[in-house]
Amino acid sequence: MLDIQDIRRQFPILERTVADGRPLIYLDNTATSQTPHRVVEAIVSGYEHTKANVHRGVHTLSQEATDLQEHTRRRVAEYIGAASHEEIIFTRGTTEAINLVAASFGASFPRGGEIILTVMEHHANIVPWQLLAARNGLEIKVVDIHDDGSLNLEQYRSLFSPRTVMATFCHVSNVLGTVNPVREMVAYAREQGVPTLVDGAQASPHMRINVQEIGCDFYAFSSHKMYGPTGVGILYGRKELLEQMPPYQGGGEMIGHVQLPSGTTFAEVPFKFEAGTPDFVGIGAFATALDFIEEIGLERIAAHEHELLLYAEQQLTSEIEGLRIFGTTPGKEPVISFLVRDVHPYDIGMLLDRLGVAVRTGHHCAQPLMERLGIPGTVRASFAVYNTRAEVDEFVKALKRVASMF
Ligand SMILES: *Cc1c(COP(=O)(O)O)cnc(C)c1O
């Protein structure tokens, strides 16, 4: 069993009150998780003790700052089972990681090529491909879902054609909680010779990731959703692909030798893709967030979150009349998207906030999925390791009160 109270004490923000002194019940973890004190301390220490630009100085501070950043690169590589730390690129987030792949890897896609993605994607895994499609004359093919929120795998397979140049899909849906069978999906794409990107932003906080077992070419995720600092994202890419890809942005640090008027050469991977000064303080502190997760154990975190999910779904459906949950696949991740009768999600979210409960409302950066479900949006409650059964009870009680107002 986890000592949740001990875990909660590591998150000072959970002690604050909102809405005239009510204890905060934070159920918006899918948007961003809270940050344990030790990660904040690592950030402060980065600024107070080792702030110097990375890879540029011979002096002690610069060496230490570089070591911290490169330590995180190795930690992340180990954490996701990458073959080498050279396959880990630091970005600003999942969004930038996907944009990097679309702009750089996608630059060589031939006109008329087809990109397969799914209707449950976050906008971050749609719009970069649409921008590329408009530039390079490509077509987007969309995989639909079944009623329970699982992907239509038969259709996924049927969309492949000799023109397919890329398949890209989320590991876990940020709305439905659906866990996609990414190993099978990647394996099928590989059989057709099609490269794959997996958007792991919602998987990385909840499950063990092994990119070599998945077999994908690219995998993207964000630190801020896994108890780490904002402004830090990870792109994993297979080294032989990264080596063939052109740079994404130009600037300092990504070069071999710069000369005018032309003839500039580029650094080796991963540095070729890391132009300019990165958030090296945040990157350094991300290793501390991984320590936090590994100390508790991802399996124990997941077990706790799944227990909360089942309890909350059972309480909600038995206590709230007219409540509909979107995404009901077995083994889904701890996300509950719901509507109550025809009450607008925004009204529910606003009234819950007055009772101290923080939930997300709206389209959750997944407008095509909302369109597919035929709804304007949902209310979304999502859990992290520090949430408790008592909080679920308070949430259900508050929602009951809110629902009775309509
Ligand atoms: C949050 C999220 C993103 C975008 O992540 P950023 O950190 O905002 O770049 C992409 N995909 C999914 C599934 C997400 O949940």
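What you are looking at is a predicted structure, and each value in this text was computed from that prediction instead of being measured.

Draft legend 1. Representation of the packing of helix α4 (residues 94-104) against helix α5 (residues 127-136). The geometry of α4 relative to α5 is characterised by a closest axis approach of 9 Å and an angle of 15° between their N-to-C directions. Regarding the angle of α4 to α5, the classification is roughly parallel. For the pair α4 and α5, the sense of crossing is right-handed. Of the residues in α5, those in contact with Ile-98, Asn-99, Val-101, Ala-102 and Ala-103 of α4 are Pro-128, Trp-129, Leu-132 and Arg-135. Split into classes, the residues belonging to the contact of α4 with α5 amount to 7 nonpolar, 1 polar and 1 charged.

Draft legend 2. Structural view of the packing of helix α12 (residues 345-354) against helix α14 (residues 389-404). It is at 10 Å that the axes of α12 and α14 come closest, and there the two elements cross at 125°. Relative to α14, the element α12 is oriented oblique. In the crossing of α12 with α14, the sense of the turn from one axis to the other is right-handed. In this structure, α12 uses Ile-348, Leu-351 and Leu-352 to contact α14, whose residues at the interface are Phe-395, Ala-398, Leu-399 and Val-402. For the contact of α12 with α14, the residue count by class is 7 nonpolar, no polar and no charged.

Draft legend 3. Representation of the sheet that holds strand β4 (residues 88-91) within the structure. The strand order across the open sheet built from 7 strands is β4-β10-β9-β8-β7-β5-β6, with neighbouring strands paired in mixed fashion. Every other strand in the sheet has two partners, leaving β4 and β6 (139-143) as the edge strands with one partner each. Direction aside, neighbouring strands of the sheet carry axes that sit 20° apart on average. The pairing of strand β8 (residues 196-199) with strand β9 (residues 218-222) spans 3 bridges and is parallel. Its bridge partner lying in β9, Leu-197 is registered against Phe-218. With respect to the sheet, helix α7 (residues 182-191) is in contact with β7 (164-170) and β8, its orientation differing from that of β7 by roughly 175°.

Draft legend 4. Region of the structure containing a nonpolar patch on the surface. A surface patch of nonpolar side chains, amounting to about 250 Å² of accessible area, comprises Ile-255, Val-258 and Phe-266. Tracing the backbone shows Phe-266 in strand β12 (residues 265-266). Assessed through its relative accessible area of 42%, Phe-266 is described here as partly exposed.

Draft legend 5. Fine view of the pairing of β9. Extensive coverage of β9 is indicated by the burial of 5 of its 5 residues. Burial along β9 is two-sided: Phe-218, Ala-220 and Ser-222 facing one way and Tyr-219 and Phe-221 facing the other are all buried. By the bridge criterion, 5 bridges tie β9 to strand β10 (residues 233-237) in an arrangement that is antiparallel. Residue pairing for β10: Phe-221 is matched across the bridge by Ile-234.

Draft legend 6. Quick look at helix α10 (residues 280-296). Taking 1.5 Å as the rise per residue, α10 with 17 residues should run 24 Å; its terminal C-alpha atoms sit 25 Å apart, in good agreement. With respect to burial, α10 is a largely interior element, 14 of its 17 residues being buried. Note on α10: the residue one or two positions beyond its end, Gly-297, has a positive phi of about 100°.

Draft legend 7. Expanded view of the site of the ligand. Lining the immediate surroundings of the ligand are Gly-93, Thr-94, Thr-95, His-122, Ala-124, Asn-174, Asp-199, Ala-201, Gln-202, Ser-222, His-224 and Lys-225. At a separation of 2.6 Å, an oxygen atom of the ligand approaches a polar side-chain atom of Gln-202. Here an oxygen atom of the ligand and a side-chain polar atom of His-224 are 2.7 Å apart. In the complex, 87% of the free accessible area of the ligand, which totals 380 Å², lies under the protein chains. Looking at side-chain class alone, the shell around the ligand contains 2 nonpolar, 8 polar and 2 charged residues.

Draft legend 8. Structural context of the pattern of salt bridges. Per the stated rule, a full pass over the model turns up 24 salt bridges. Between Arg-75 and Glu-294 there is a salt bridge whose closest N-O contact spans 2.8 Å. A residue pair is termed long-range when its members are at least 10 positions apart, and Arg-75 in helix α3 (residues 60-79) and Glu-294 in helix α10 qualify at 219 residues. According to the relative accessible area criterion, Glu-294 is partly exposed, its value standing at 38%. Ionic contacts of the salt-bridge type, sharing partners, join the residues Arg-75, Arg-208, Asp-291, Glu-294 and Glu-299 into one network.

Draft legend 9. The arrangement of the environment of Phe-273 in detail. Within the secondary structure, Phe-273 sits in the loop between β12 and α10. Each C-alpha atom of the pair Phe-273 and Ile-255 lies 9.6 Å from the other, and the pair is 18 residues apart in sequence. The residues contacting Phe-273, other than those within four sequence positions of it, are Ile-89, Leu-100, Ser-104, Leu-242, Met-245, Pro-246, Pro-247 and Tyr-248.

Draft legend 10. Up close: the sheet that holds strand β16 (residues 360-362). What the 4 strands build is an open sheet, ordered β13-β14-β17-β16; its pairing is antiparallel. For this open sheet the edge positions go to β13 (323-326) and β16, each flanked by a neighbour on one side alone. In this sheet, neighbouring strand axes are inclined to one another by 30° on average, regardless of whether the strands run parallel or antiparallel. The pairing of β16 with strand β17 (residues 378-382) spans 3 bridges and is antiparallel. Opposite Thr-361, over in β17, you have Val-379 as the bridge partner. Of the strands in this sheet, β13 and β14 (335-340) are in contact with helix α11 (residues 298-319), which crosses β14 at around 10°.

Draft legend 11. Layout of the domain arrangement of the protein. Domain boundaries in the protein define domain 1 (4-31 + 297-403) and domain 2 (40-294). Each of domain 1 and domain 2 has a C-alpha centre, and these two points are 28 Å apart. Each partner contributes to the interface: domain 1 provides 36 residues, whereas domain 2 provides 31 residues. Both faces considered, domain 1 and domain 2 share a buried interface measuring about 2,700 Å² in area, 58% of it formed by carbon and sulfur atoms.

Thresholds, definitions, all that
- Residues numbered from 1 in each chain as written.
- Predicted model: local features only at pLDDT ≥ 70, side-chain atom pairs only at ≥ 80, totals over all residues.
- Heavy atoms only, no water.
- Axes fitted to C-alpha atoms, helices over the stretch in contact; angles between N-to-C directions.
- Helix = DSSP H or I, 4+ residues; strand = E, 2+ residues; numbered from the N terminus.
- Parallel < 35°, antiparallel > 145°, perpendicular 65-115°, else oblique.
- Left-handed = near helix turned anticlockwise from the far one by under 90°.
- Contact = heavy atoms within 4.5 Å.
- Nonpolar A, V, L, I, M, F, W, Y, C, P; charged D, E, K, R; others polar.
- Pairing = 2+ DSSP bridges.
- Patch = residues over 30% accessible without salt bridge, like charges linked within 9 Å, V, L, I, M, F, W, Y side chains within 5 Å.
- Areas by Shrake-Rupley, 256 points an atom, 1.4 Å probe, with all protein chains shown as cover.
- Salt bridge = Lys/Arg side-chain N within 4 Å of Asp/Glu carboxyl O.
- Buried < 20%, exposed > 50% of the residue type's maximum accessible area, 1.4 Å probe, protein only.
- Expected span 1.5 Å × (residues − 1).
- Near = heavy atom within 4 Å.
- Polar contact = N/O pair within 3.5 Å; in protein donor to acceptor, adjacent residues only side chain to side chain.
- Domains from an automatic or database assignment.
- Buried area = accessible area lost by both parts, 1.4 Å probe.

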